[in-house]
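Observations on the model geometry
As a plain string of letters, each chain reads:
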Amino acid sequence: PEVLIKQPMYSVEQILGSQTESFVGYAINDRIRKNAASGGVVSAITEYLLDKDIVQGVVSSRLEIVDGDLAPQAIIARSSGELATCKNSIYLDFNVGSNGIYRAVLKELQETDHKIAVVGLYCHLSNLALLMQRRNIPRERVIMIGLFCSHAPHPVLMKEVLQRQGARMNEAVAYHTKTGDGQRDGRIFGRSTLEYKDGSTLDFPFIEFTSFKNAWFNTPKKCLSCPDQFSEIADISCGDAWYASIRKHKHKQTTIITRNLRARSLILDMVKDRELELRTIDPEAIVNSQKRVAGVEKASLA
């Protein structure tokens, strides 16, 4: 007789990881929110941390064009101006520590009393956490802001998409993943824009890339066994807010999961200081709204 094997069922906590509270909302400051991803919450948090001198540097990443190729690059931002260059979403696999950034962070942590914030995916944050552990640097010295991630394709996918659009990469000076008419507020899909030296642009629907990404083209093997799509390793986890109740809101919004009391206190201070407009959200709603992320079983639970 046919034997039916029942698929394992996981709780919301097993999928999302430990948490103290969950929110959804956006950055109140129009300047911060303009062109930022998912309502500008990550940009607002990192700028707040610098302005309040809670941290003395923020590791963030931006998408540059180097020798005619897209090149994700990590920097240690020390000002809101430097942070503003990292608003553009990347959606591509790369190693945050590959250009010496992590060596610089570890050196700063060992030689000063500074604290550092780091924005990244699970793979980025887990690498830094391991390096800190090896050097006996307390985890509390770093505030980790993790991003939800189903997977990040190899940069060759974006290169092929741009080729399909007729891009002249040898003349390109900047690439914006999602822009529309210059503001992303309220946009779900958006458009992509490539800027040329002469001031002209190549503009095309962002879905020209996501159609291939969501079909798992050029996916690194590590993404197929990732144990932490919701960045449980972080102090604060953030991701797109795909809720029917806010679909028509004028601002795109962010889901926020605080993982400890320190992180929750920070977020509530930002609400009190009118930096963030937030409401609490049921963790089960997060799972239901993030089926593309939650649909990939955690390797640690498989």
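Here is a short report on the structure shown in this document.

1. Considering the packing of aromatic side chains
The relation between two aromatic rings is expressed through the spacing of the ring centres and the mutual angle of the planes. One pass over the structure, following the stated rule, counts 4 aromatic pairs. Each ring, one from Tyr91 and one from Phe206, has its centre 5.2 Å from the other, and the planes form 45°; the classification is tilted. Note that Tyr91 is positioned in the loop between α4 (80–84) and α5 (101–111) and Phe206 in the loop between β8 (201–205) and α8 (207–213), a separation of 115 residues in sequence. On the basis of relative accessible area, Phe206 is assigned to the buried category, the value being 4%. Following the ring pairs from residue to residue traces out a cluster consisting of Tyr91, Phe206 and Phe209. Sitting over the ring of Tyr196, Arg168 keeps its end group 3.9 Å from the ring centre.

2. Things to note about helix α6 (residues 122–134)
Residues three or four positions apart in an α-helix share a direction because the helix packs 3.6 residues into each turn. For α6, with 13 residues, the first-to-last C-alpha span of 18 Å sits near the 18 Å given by 1.5 Å per residue. Where α6 is concerned, the buried positions are His124, Leu125, Ser126, Leu128 and Met132. Just downstream of α6 lies Asn136, where phi reads positive at about 55°.

3. Some details on the side chain of Asp93
Following the sequence through the fold, Asp93 ends up in the loop between α4 and α5. Polar side-chain contacts of Asp93 include one of 2.8 Å to the side chain of Lys222. Non-local contacts of Asp93, meaning those with residues more than four positions away in its chain, are made with Ala152, Pro153, His154, Pro155, Pro220 and Lys222.

Rules used in this analysis
All residue numbers refer to positions counted from 1 along the written sequence of the respective chain. Only residues with pLDDT of 70 or above have their local features reported here, since the model is predicted, and side-chain atom pairs are shown and tallied only from 80 upward, although totals for entire chains, interfaces and linings are computed over all residues. Based on all heavy atoms of the structure, the side-chain values leave hydrogens and waters out of the count. Between rings of Phe, Tyr and Trp, where Trp is taken as its six-membered ring, a pair exists when centres lie within 6.5 Å; planes separated by under 30 degrees are stacked, by over 60 edge-to-face, and by other angles tilted. Secondary structure elements follow DSSP: runs of H or I of four or more residues count as helices, runs of E of two or more count as strands, with numbering from the N terminus. A 1.4 Å probe rolled over the protein chains alone gives each residue an accessible area, and that area as a share of the maximum for its type sets the label: buried under 20%, exposed over 50%, partly exposed in between. Both a distance and an angle decide whether a charge sits over a ring: NZ of Lys or CZ of Arg must be within 6 Å of the ring centre and within 35 degrees of the ring normal. To estimate the expected span of a helix, subtract one from its residue number and multiply by 1.5 Å. Here a polar contact is taken to be a pair of N or O atoms separated by no more than 3.5 Å, where protein atoms must pair a possible hydrogen donor with a possible acceptor and residues adjacent in sequence count only if both atoms sit in side chains. By definition, residues are in contact when any of their heavy atoms lie within 4.5 Å.

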